[in-house]
Amino acid sequence: MSSRALRRLKGKQRGQEALDLGDLTLGDSSEEQLDSANVSPPPDGKDRGRKAKKNKAQKNFSNIYELIGDADNDAEKSSPDEEAEKPAGNKTNGAGKNNNRETKEPTKNKAETSTKSGDRVKKKKKRKKTKLTSEDAQEAVPEDNIDLLLQNLEQSNGLSLQNEDCSGPERRTVLHVEHRNLNPDTELKRYFGARAIQGEQRPRQRNRQFHRSTWMTIPKESWPRFSRPGISMTLLQSKEGTQYFTFEHGRQYQQVQFKFLDAVESMDPNNIVALLQLNPYHIDSLLQLSDVCRIQEDQEMARDLIERAMYSFECAFHPLFSLTSGTSRLDYLRTENRAFYLALYKHMMFLEKRGCPRTALEYCKLILSLDPDADPLCMLLLIDFLTLRSREYQYLLQLHQDLEVHRNLGLLPNFAFSTALCHFHLSQQEDVDPEERQKEREKADEMLQKALIMFPGVLIPLLDLCTVQPDAAVSSHAFFGPKSQIGQPPALAELTALYVGRTHSMWREAAVMLWLEQSVKEVLCRVDAKDPLVDDCQNKKQRYKCAPRNIHRHVLLSEIKEATSSLPLEVTSQPVLGFDPLPPLDSVTSYTRPERQHVGATNESTLSLFFRSLLPNFNLQGGLRQEDDMEVARAGQELNQEVNRLMVAMRDMLANIRFQEPPREDNPYRDEDEWD
């Protein structure tokens, strides 16, 4: 049987064998061709020997699989790499024996001379292969180990962040995102099984639309046919292994954006719906209409609109933009990038409400990795809650350890209490050694006591939301009493209200509440003993003077009543747009909206239309037209006169209206209390 037939039985084709990189050297092909011409014996003797071997093989083997196994052994024995490692003496002896059996003495001398010349070339190859540096020897790994090969490839491409600044290695570890965790079905299969999740999927239809495969969302058949809306992504610069990208709006998309702003000013959601019918993948329209559906308690439609917006974004990604590496950046100051942040945030909140906290945590890391220094949506105020819900305690402790030096996470109430709660949950695990459990419990007690001393205004609101009546000794004490809540700075009050309103459900467990009670008693003893830590924490509270703008933005997006009520007046007094809440003061805009000439009110009421029919100069939105002072004064006088005339006419009309009573029929059987 030929070697081609053997490869077909084994399921292999020519060219699928593993290649040795050492053989792919320049200048060897010509030498090998010359050597093969010298090594090859006369054609007659070689062909006869091959035919004899084939006949023996066909006669001796009756099983095909035995033939395949022996063919593999022969191939291994005759591989050029192993022949190159054998001594030259063994090669000449083996060649001499074979030539004595199959050929005459004259051919023996030719074969010996040819093998000597072949050995010289093979020795040259061996020398070239052995010329490896120490670095290449360290990076050399087996071909079967794919993970090590990919790791070496990433290091060679410069994706390793070990050569960056001091914060590089920490960010690489804590901001790394896994593709499989971005799919909520992965988490749902872990909870309910693969059969339950696959049963919810609709059967495939014949005439289904073609959608691009994406990581963040799964396209649905009910969606409109996708056409590029005119949004794209551009690479701005690449610096120290970090790539900076930005979204760009085409001219057609800009025109649609102007129409969307007009629809928002009309205060009519039907205008946004009409705009989406013509442009089904316009991002801001999808985000705004999703908020409208969520307010109307249509959660399924609201979530579907957000997923459609994310699909439109992912189809516009740059080829170098990576969701998982943690090295791709998007500047929130640019107006075109903010919609992507908001779409990810709202999708994350839908996942958390759906019961997928592990998937929501992965999206939280993704948002944080887009701009970890500025953190425009303050994901550090939310990541601890998602970590506790998904029971990723080690990740939160690692995040706190890595970013504590650069970000001072201990000064945030959520990290002060959540890290202590992580250590407590680790101490309750049964698969941990008793010594480790004891260490975790001691560390949890120490961190919780320090958090209560630093933020005493958290305790009473937390107990109120947990429907727990505090002890009289605690509520009457000056340290935890009403004075602790009134005396804290406004920025600190906003942070504590946000943490209590979000994570109070994590403290309702009986074991956690008992642990909290013990720590509160210990804190009161330390306060009465005048522990120096108490005065130190009181001095640190002076740092919470004014909260930055990104914290206010996070509170508005969270929609937690306890936190929104503590927002300052300068935030609550200005209008908040759902598609761009609290934009940065130093925003970067690539294009501006053209000014419109306000001819009249676009959404006028009946009364305004009536006044406008009487006075052409009346304008509800812009007031009176200011051409000059005389015309303004004259228009004001005319308005007062017309209003007075209108009031007199309405008064006369109401005075002349008379109501006639309907005729009543005399009925002796009628009850007096019965209605007419």
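Data block above holds the structure.
Residues numbered from 1 in each chain as written. Predicted model: local features only at pLDDT ≥ 70, side-chain atom pairs only at ≥ 80, totals over all residues. Heavy atoms only, no water.

(A) Molecular detail of the overall build of the protein chain. Across its full length, the protein chain holds 33 helices and three strands. Counting only residues that meet the buried cut, the protein chain has 38% of its 676 residues in that class. Counting only contacts in the protein chain whose residues sit at least 6 apart along the sequence, the fraction spanning at least 24 positions is 70%. When the accessible area of the protein chain is evaluated, it comes to approximately 42,800 Å², of which 50% is carbon and sulfur surface. (Helix = DSSP H or I, 4+ residues; strand = E, 2+ residues; numbered from the N terminus. Buried < 20%, exposed > 50% of the residue type's maximum accessible area, 1.4 Å probe, protein only. Contact = heavy atoms within 4.5 Å. Areas by Shrake-Rupley, 256 points an atom, 1.4 Å probe, with all protein chains shown as cover.)

(B) How the structure looks around helix α21 (residues 413–427). Between its terminal C-alpha atoms α21 stretches 22 Å, which fits the 21 Å expected from 15 residues at 1.5 Å a residue. Of all 15 residues in α21, 15 are buried; the element is thus mostly enclosed. (Expected span 1.5 Å × (residues − 1).)

(C) Just the nonpolar core, in detail. Counting residues in hydrophobic clusters, the biggest one holds 118 residues, and the most contacted among them are Trp 507 and Leu 516. It is helix α17 (residues 335–354) that contributes the most residues to this core, ten residues altogether. When sequence neighbours within four positions are dropped, the list of residues in contact with Leu 516 reads Leu 448, Leu 452, Leu 459, Leu 462, Leu 463 and Trp 507. Counting six residues, the second largest nonpolar core, distinct from the first, contains Phe 260, Leu 261, Val 264 and Leu 275. (Core = buried A, V, L, I, M, F, W, Y, C linked by side-chain atoms within 4.5 Å.)

(D) Looking closely at the packing of helix α11 (residues 184–192) against helix α18 (residues 357–370). It is the contact of α11 with α18, at a shortest axis distance of 8 Å, that shows an interaxial angle of 155 degrees. Judged on the interaxial angle alone, α18 and α11 are roughly antiparallel. Our pair here, α11 against α18, has a crossing hand that is right-handed. Between α11 and α18, the residues in contact are Pro 184, Glu 187, Arg 190 and Tyr 191 and Pro 357, Arg 358 and Thr 359, respectively. Considering only residue class, the contact of α11 with α18 consists of three nonpolar, one polar and three charged. (Axes fitted to C-alpha atoms, helices over the stretch in contact; angles between N-to-C directions. Parallel < 35°, antiparallel > 145°, perpendicular 65-115°, else oblique. Left-handed = near helix turned anticlockwise from the far one by under 90°. Nonpolar A, V, L, I, M, F, W, Y, C, P; charged D, E, K, R; others polar.)

(E) Region of the structure containing the pattern of salt bridges. Applying the stated criterion across every chain yields a total of 17 salt bridges. The shortest N-O distance in the salt bridge between Lys 220 and Asp 304 comes to 3.2 Å. Within this pair, whereas Lys 220 is found in the loop between α12 (194–200) and β1 (231–239), its partner Asp 304 is found in helix α16 (residues 299–314), the two being separated by 84 residues in sequence. Exposure remark for Asp 304: the relative accessible area of 11% places this residue in the buried category. Here Arg 526 and Asp 531 are joined by a salt bridge, their closest N and O atoms 2.9 Å apart. For Arg 526, a relative accessible area of 21% puts it in the partly exposed group. Because the salt bridges share partners, they merge into one network encompassing Asp 291, Arg 294, Lys 346 and Glu 559. (Salt bridge = Lys/Arg side-chain N within 4 Å of Asp/Glu carboxyl O.)

(F) Molecular detail of the sheet that holds strand β2 (residues 242–249). Sheet architecture is open: three strands sit in the order β1-β2-β3, paired in mixed fashion. Whereas interior strands pair on both sides, the edge strands pair on one side only; in this sheet they are β1 and β3 (328–330). Each neighbouring strand pair of the sheet contributes to a mean axis angle of 35 degrees, computed without reference to strand direction. Strand direction decides the pairing type here: β2 and β3, joined by three bridges, are parallel. The residue of β3 that forms the bridge with Phe 245 is Leu 330. (Pairing = 2+ DSSP bridges.)

(G) Quick peek at helix α26 (residues 490–503). When the terminal C-alpha atoms of α26 are compared, their 20 Å separation across 14 residues agrees well with the 20 Å that a helix rising 1.5 Å per residue should span. In terms of burial, α26 is largely enclosed, as twelve of its 14 residues are buried. Burial in α26 covers these residues: Ala 491, Leu 492, Glu 494, Leu 495, Thr 496, Ala 497, Leu 498, Tyr 499, Val 500, Gly 501, Arg 502 and Thr 503. As for α26, its buried residues are in contact with α17, α19 (383–390), α21, α23 (459–465), α29 (549–558) and α30 (561–564).

(H) Inspection of the packing of aromatic side chains at higher detail. Within the structure shown, the criterion is met by 18 aromatic pairs. Aromatic side chains Phe 226 and Tyr 281 sit 5.0 Å apart centroid to centroid with 80 degrees between the ring planes, which places their arrangement in the edge-to-face category. Here Tyr 281 lies in the loop between α14 (269–278) and α15 (283–295) and Phe 226 lies in the loop between α12 and β1, a separation of 55 residues in the sequence. Geometrically, the ring pair formed by Phe 258 and Tyr 591 is edge-to-face, given 6.0 Å between the ring centres and 65 degrees between the ring planes. With a gap of 333 residues between them, Phe 258 in helix α13 (residues 251–265) and Tyr 591 in the loop between α31 (569–572) and α32 (606–614) connect regions that are remote in the sequence. (Phe/Tyr/Trp six-rings, centres within 6.5 Å; stacked < 30°, edge-to-face > 60°.)

(I) Geometry of the side chain of Ser 558. For Ser 558, the location among the structural elements is in helix α29. Of the residues examined, Ser 558 reaches a relative accessible area of 15% and is grouped as buried. Beyond its immediate stretch of four places on either side in the chain, Ser 558 contacts Tyr 345, Leu 498 and Arg 502.

(J) Up close: the pairing of β1. Strand direction decides the pairing type here: β1 and β2, joined by eight bridges, are antiparallel. The residue of β2 that forms the bridge with Thr 234 is Thr 246.

(K) Region of interest: the environment of Trp 515. Considering the arrangement of structural elements, one finds Trp 515 in helix α27 (residues 510–528). Given a relative accessible area of 1%, Trp 515 falls into the buried group. For the pair Trp 515 and Leu 448, spaced 67 residues apart in sequence, the C-alpha to C-alpha distance is 9.5 Å. Sequence-distant contacts of Trp 515, defined by excluding residues within four places in its chain, comprise Ala 420, Leu 421, Phe 424, Arg 441, Ala 444, Asp 445, Leu 448 and Trp 507.

(L) View of the pairing of β2. Most of β2 sits inside the fold, with six of its eight residues counted as buried. A loop of two residues connects β1 with β2, the two strands running antiparallel in sequence, and Glu 240 in this loop sits at a positive phi of about 55 degrees.

(M) Spatial organisation of the packing of α15 against α17. Relative orientation of the contacting elements α15 and α17 amounts to 30 degrees, with a least axis distance of 10 Å. Considering the angle they form, α15 stands roughly parallel to α17. When you trace α15 past α17, the crossing you get is left-handed. Contacts between α15 and α17 involve Ile 283, Asp 284, Leu 287, Ser 290, Asp 291 and Arg 294 from the first element and Ala 339, Leu 342, Ala 343, Lys 346 and Phe 350 from the second. Here the residues of the contact of α15 with α17 are counted per class, giving six nonpolar, one polar and four charged.

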